Amino acid sequence: MPHHAGLVKWVQEVAALTRPAAIHYCDGSDTEYETFVDLLVESGTVVRLNEEIKPNSVYARTDPDDVARVEDSTFICSVKENDAGPTNNWMDPDKMKATMTKLYDGCMRGRTLYVIPFCMGHIDAAEPKFGVEITDSAYVAISMRIMTRMGAEALAAMEATEASFVPALHSVGMPLDDPTDDVPWPCNDVKYIVHFPEERMIWSYGSGYGGNSLLGKKCYALRIASVMGRDEGWLAEHMLILKLTSPEGRSYHVCAAFPSACGKTNLAMLEPTIEGWSVETLGDDIAWLRFGEDGRLYAVNPETGLFGVAPGTGMDTNPNAVAAIEGGNSIFTNVALTADGDVWWEGMSRSAPPNLTDWKGRPWTARGGPEGGRLGEKAAHPNSRFCTPIEQTPILSKDYNNPAGVPVDAIIFGGRRQNTIPLVAQSRSWSHGVFMGATCSSETTAAATGAVGVLRRDPMAMLPFIGYHVGDYLAHWIEMGNSTTHDKLPKIFYVNWFRRDADGRFLWPGFKENSRVLKWVVERIEDRVGVIDTPAGMLPQPGDLDVTGLDITDADLAAVIGYSPTEWADELPRIRRWLRSLGSKVPVEMDDELWLIAEAMARRP
Ligand SMILES: Nc1nc2c(ncn2[C@@H]2O[C@H](COP(=O)(O)OP(=O)(O)OP(=O)(O)O)[C@@H](O)[C@H]2O)c(=O)[nH]1
Ligand SMILES: O=C([O-])CC(=O)C(=O)O
Ligand SMILES: [Mn+2]
């Protein structure tokens, strides 16, 4: 039994409310994992994959209505409504607690309450960030084991100092009065993903999907941590971290923020196509950025696993992710199952293997669709995921486990835009870089429920993850830039791999070829190439972007890297309207940058 008084008391309170049949404190051991998998096999939630092909791995199919983050049901319940800002759903915390307490009342009947002590970031960090998730899902428990530093070690470190922790309560919301009533994927139509920023507390109900239920990830490491960062002078960001080494052996660290399903995992594990360059991975989704004593910004990845989009992950796009997955020890969700007990998804190989079972459990027919389903339906859900220990990445940087993190040389923002945004642009200054991040936009993907392909602004790729007022968040970014000398700050860039021609064809091959853009970024850091200053930012000069050996026409290249005055004439009013819609907390620097761009456009027809 743990002796952390605060923890024991909280577990007792939750148990009194939710009335589970049993309580289990997770130690994170291999035996415990085996027990949980056995239970999940018995309840039909997972099947074990073929031990020869995917050792120690399982496959889960969710309820077809529980496949992504539910942004409409995600709330920031700050005490004051204005502290949640215009981009978050808000409800009065007392009202929300009353509503959810009713839902939690008896919600774990017939199930086991699992207590998962965990640490986001390194347990021996200067100020370790602890959390404890209570959940009634063993699927969540085995996923948290991959994604976080959890179990006995985290608990011991917490107990050593009676450290405070973020309490994170999760229930699938399906009590069992008769065990034979259980379903493979218990969940509830009513879903709430709720954050109490002042109390640093998370309540989640009704969903078992990763982004809604693995509360260390988006809920803690982004929404709650962004509030901690505001108060303590650091940043919690939706960013990958990579280390890039040039043929001369000089290394640089790059953080990049792209919205969900817009290429972070792919870039983080990139295999450069240009001679002599190499990439090592440090993180693929979340970065915590703090100033070191030398005044530089340092990044750590608070997670220990990859929770990656499966479709599109294949040998030709991301061989390092494939290698990590081949290592086994993984949980696959909503992909397709092969006849020999392996997994498959669109983009893994050119054609589907025979006798597939799709993500809804339907046999896959030779005509290329599920039995009883529509032609053209995918075998794997577009937001299907692999959950794999990051340590299995063949190109993991040796600094991944360094509690102090790595110094950041460049920050890249990106989005998924068919037009307007050039392949790569550098910011003229820190505040122009913050402006680029702030006005970043993207066409929506399947990572959240709702329509796909709709253009929305996604500041720093954090729109669904900022735990407070977006205006205060942008001001915090500006302040971070003012807390050190200009030359120590990372350079800021803005990229777009997704620009298309009039026929909808991607103009840029992307994936591994994005190494050519990283090379240009390094050449800018080293001040070896010049730029063309445009309203869209500082763009590569003709001939500077290395396209040796690349199959791209001059016309396509010009179109993908170029500034389009007509497209920007449409864009500028959209940006202005959007900034206005955020209200008066937006820092004045954003208006200044907008004005500078408008000026430049007027000068340069
Ligand atoms: N056209 C094109 N598609 C890309 C590129 N990089 C990634 N993609 C596609 O974008 C999708 C998502 O890529 P990921 O790297 O998994 O995205 P992510 O940002 O890590 O997503 P989250 O885990 O949801 O935060 C996949 O379907 C990829 O095939 C690129 O350079 N060009
Ligand atoms: O949270 C999730 O569901 C997965 C993810 O990384 C994202 O959506 O950005
Ligand atoms: Mn993500």
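Residues numbered from 1 in each chain as written. Chains lettered and ligands numbered in written order. Predicted model: local features only at pLDDT ≥ 70, side-chain atom pairs only at ≥ 80, totals over all residues.

### Concerning the site of ligand 2
Rule in force here: Using a C-beta atom placed from the backbone, a residue is described as near a molecule or strand when that atom lies within 6 Å of it. We call Asp, Glu, Lys and Arg charged. Ala, Val, Leu, Ile, Met, Phe, Trp, Tyr, Cys and Pro are nonpolar, and the rest, Gly among them, are polar. Each domain's extent was defined by an automatic or database domain assignment.
As a structural note, the neighbourhood of ligand 2 is formed by Arg-69, Gly-210, Gly-211, Lys-217, Lys-218, Ser-260, Asp-285, Phe-307 and Ala-447. For the shell around ligand 2, the residue count by class is two nonpolar, three polar and four charged. Looking at the shell around ligand 2, you find at least three residues from each of domain 1 (5-45 + 70-233) and domain 2 (236-305 + 398-603).

### Description of helix 15 (residues 588-603)
Defined as follows: Here a helix means four or more residues in a row that DSSP labels H or I, a strand means two or more in a row labelled E, and each is numbered from the N terminus. How far a helix is expected to stretch is found by multiplying one less than its residue total by 1.5 Å. Every C-beta atom is placed from the backbone, and the number of other C-beta atoms within 10 Å of a residue's own sets its class: buried at 20 or more, exposed at 12 or fewer, partly exposed in between. By construction, the arc corresponds to the directions joining the helix axis to the C-beta atoms. Two residues qualify as a contact pair if the distance between their C-beta atoms, derived from the backbone, is within 7 Å.
Helix length check: helix 15, at 16 residues, gives a terminal C-alpha distance of 23 Å against a target of 22 Å (1.5 Å per residue), a fit within 8%. What helix 15 keeps buried is the set Glu-589, Met-590, Glu-593 and Ile-597. Along the axis of helix 15, the buried residues cluster in a sector spanning 105°; they form a single face. Opposite the buried face of helix 15, by more than 90 degrees, sit the exposed residues Val-588, Trp-595, Glu-599, Ala-602 and Arg-603. In this structure, the buried residues of helix 15 make contact with helix 10 (430-438), helix 11 (470-482) and helix 14 (565-581).

### Remarks on the site of ligand 1
Ser-260, Gly-263, Lys-264, Gly-312 and Gly-510 are the nearest of the 22 residues found near ligand 1. Ranked by residue count, the leading element in the shell around ligand 1 is helix 8 (residues 264-268), at three residues. A breakdown of the residues in the shell around ligand 1 according to their chemical character gives ten nonpolar, nine polar and three charged.

### Focus on the nonpolar core
Convention followed: Here, a nonpolar core denotes buried Ala, Val, Leu, Ile, Met, Phe, Trp, Tyr and Cys residues that are linked to one another through C-beta atoms within 7 Å.
Tyr-220, Val-254, Cys-255, Ala-299 and Ala-336 are the most contacted members of the largest nonpolar core, which totals 173 residues. By residue number, the principal contributor to this core is helix 4 (residues 138-147), which donates eight residues. Looking at which domains feed residues into this core, each of domain 1 (5-45 + 70-233) and domain 2 (236-305 + 398-603) supplies at least three. Filtering out sequence-adjacent residues up to four positions away, Ala-299 remains in contact with Ile-241, His-253, Cys-255, Ala-287, Trp-288, Leu-289, Gly-405, Val-406 and Val-408.

### Let's talk about the sheet that holds strand 3 (residues 58-60)
The criterion, for reference: Here, a strand pair is defined by DSSP locating no fewer than two bridges between the strands. All axes here are fitted lines through C-alpha atoms, helices being fitted over the stretch that makes contact, and every angle between N-to-C directions spans 0 to 180 degrees.
Taken together, the five strands give an open sheet; going across it, the order is 2-3-18-23-17, and neighbouring strands pair in mixed fashion. At either margin of the open sheet sits one strand with a lone partner, and together these are strand 2 (46-48) and strand 17 (305-309). Sheet twist, expressed as the average angle between the axes of neighbouring strands with direction ignored, equals 20°. Pairing analysis gives three bridges linking strand 2 to strand 3, with the strands arranged antiparallel. Looking at strand 3, one finds that Val-46 is bridged to Ala-60.

### Focus on helix 9 (residues 319-326)
Those residues of helix 9 not exposed but buried are Asn-320, Ala-321, Ala-324 and Ile-325. Along helix 9, the residues classed as buried sweep out an arc of 140° about the axis, all on the same side. Against helix 8, strand 17 and strand 23 (385-389) lie the buried residues of helix 9. In the segment just after helix 9, Gly-328 is the residue with positive phi, at about 80°.

### Quick look at the packing of helix 10 against helix 15
Describing two packed helices takes the angle between their axes plus the distance from one axis to the other. What counts here: Oblique is the label for every angle not falling under 35 degrees (roughly parallel), over 145 degrees (roughly antiparallel), or within 65 to 115 degrees (roughly perpendicular).
Axis separation between helix 10 and helix 15 bottoms out at 9 Å; the angle between their running directions is 90°. Relative to helix 15, the element helix 10 lies roughly perpendicular. Together, Ser-431, His-432, Val-434, Phe-435 and Ala-438 of helix 10 and Glu-589, Met-590 and Glu-593 of helix 15 make up the contact between the two elements. Each residue belonging to the contact of helix 10 with helix 15 can be placed in one class, and the counts come to four nonpolar, two polar and two charged.

### Structural notes on the UniProt feature "domain: Phosphoenolpyruvate carboxykinase C-terminal P-loop" (unreviewed entry) in the protein chain
Convention followed: UniProt positions are given in the numbering used here, feature names are shortened, and annotations may be inferred rather than shown by experiment.
Feature annotation in UniProt assigns "domain: Phosphoenolpyruvate carboxykinase C-terminal P-loop" (unreviewed entry) to the following positions: residues 234-594. Each end of residues 234-594 is marked by a C-alpha atom, and these two atoms are 26 Å apart; helix forms 22% of the span and strand 23%.

### A few points about the packing of helix 2 (residues 30-42) against helix 4
Rules: Should the near helix be turned anticlockwise from the far one by less than a right angle, the crossing is termed left-handed; should it be turned clockwise, right-handed.
Packing of helix 2 against helix 4 brings their axes to within 9 Å, and their N-to-C directions diverge by 145°. Crossing hand, helix 2 versus helix 4: left-handed. Contact residues: Tyr-33, Phe-36, Val-37, Leu-39 and Leu-40 in helix 2; Ala-138, Tyr-139, Ala-141, Ile-142 and Arg-145 in helix 4. Class assignment for the residues of the contact of helix 2 with helix 4 results in nine nonpolar, no polar and one charged.

### A look at the sheet that holds strand 24 (residues 406-407)
Hydrogen bonds along the backbone pair up the strands of a sheet, which may run parallel or antiparallel. Reading across the sheet, the four strands line up as 11-15-16-24 and stay open at both edges, with antiparallel pairing between neighbours. The sheet is open, and its two borders are formed by strand 11 (235-237) and strand 24, each paired with just one other strand. Sheet analysis places strand 16 (residues 297-300) next to strand 24, joined by two bridges and oriented antiparallel. Bridging from a neighbouring strand, Tyr-298 pairs with Pro-407 of strand 24. Across the sheet, helix 7 (residues 216-232) is in contact with strand 11 and strand 15 (287-291); its angle to strand 11 comes to roughly 160°.

### Section: the environment of Leu-423
With respect to the helices, strands and loops of the structure, Leu-423 is situated in the loop between strand 25 (410-414) and strand 26 (424-426). By C-beta crowding, Leu-423 is classed as buried, having 25 other C-beta atoms within 10 Å. It is 45 Å that separates the C-alpha atoms of Leu-423 and Glu-153, two residues lying 270 residues apart in sequence. Beyond its immediate sequence surroundings of up to four residues, Leu-423 is in contact with Val-495, Asn-496, Arg-499, Trp-508, Val-517, Val-560 and Ile-561.

### Considerations on the pairing of strand 25
Of all five residues in strand 25, five are buried; the element is thus mostly enclosed. With four bridges connecting them, strand 13 (residues 251-257) and strand 25 associate as parallel partners. For Cys-255, the partnering residue across the bridge sits in strand 25 and is Ile-411. In the sheet, strand 25 pairs with strand 29 (residues 491-495) via five bridges, with the strands oriented parallel.

### Structural notes on the UniProt feature "binding site: GTP" (unreviewed entry) in the protein chain
With numbering aligned to this structure, UniProt lists the feature "binding site: GTP" (unreviewed entry) at Ala-261, Cys-262, Gly-263, Lys-264, Thr-265, Asn-266, Arg-385, Arg-416, Phe-511, Lys-512, Glu-513 and Asn-514. The largest pairwise C-alpha distance within this set of annotated residues, which runs over 254 residues, is 24.0 Å, so the set is dispersed in three dimensions. In this fold, Thr-265 is placed in helix 8. Thr-265 sits in the buried class, given 23 other C-beta atoms within 10 Å. Within the fold, Phe-511 resides in the loop between strand 29 and helix 12 (515-525). If we ignore the near neighbours within four places in the chain, the residues touching Phe-511 are Asn-266 and Thr-317.

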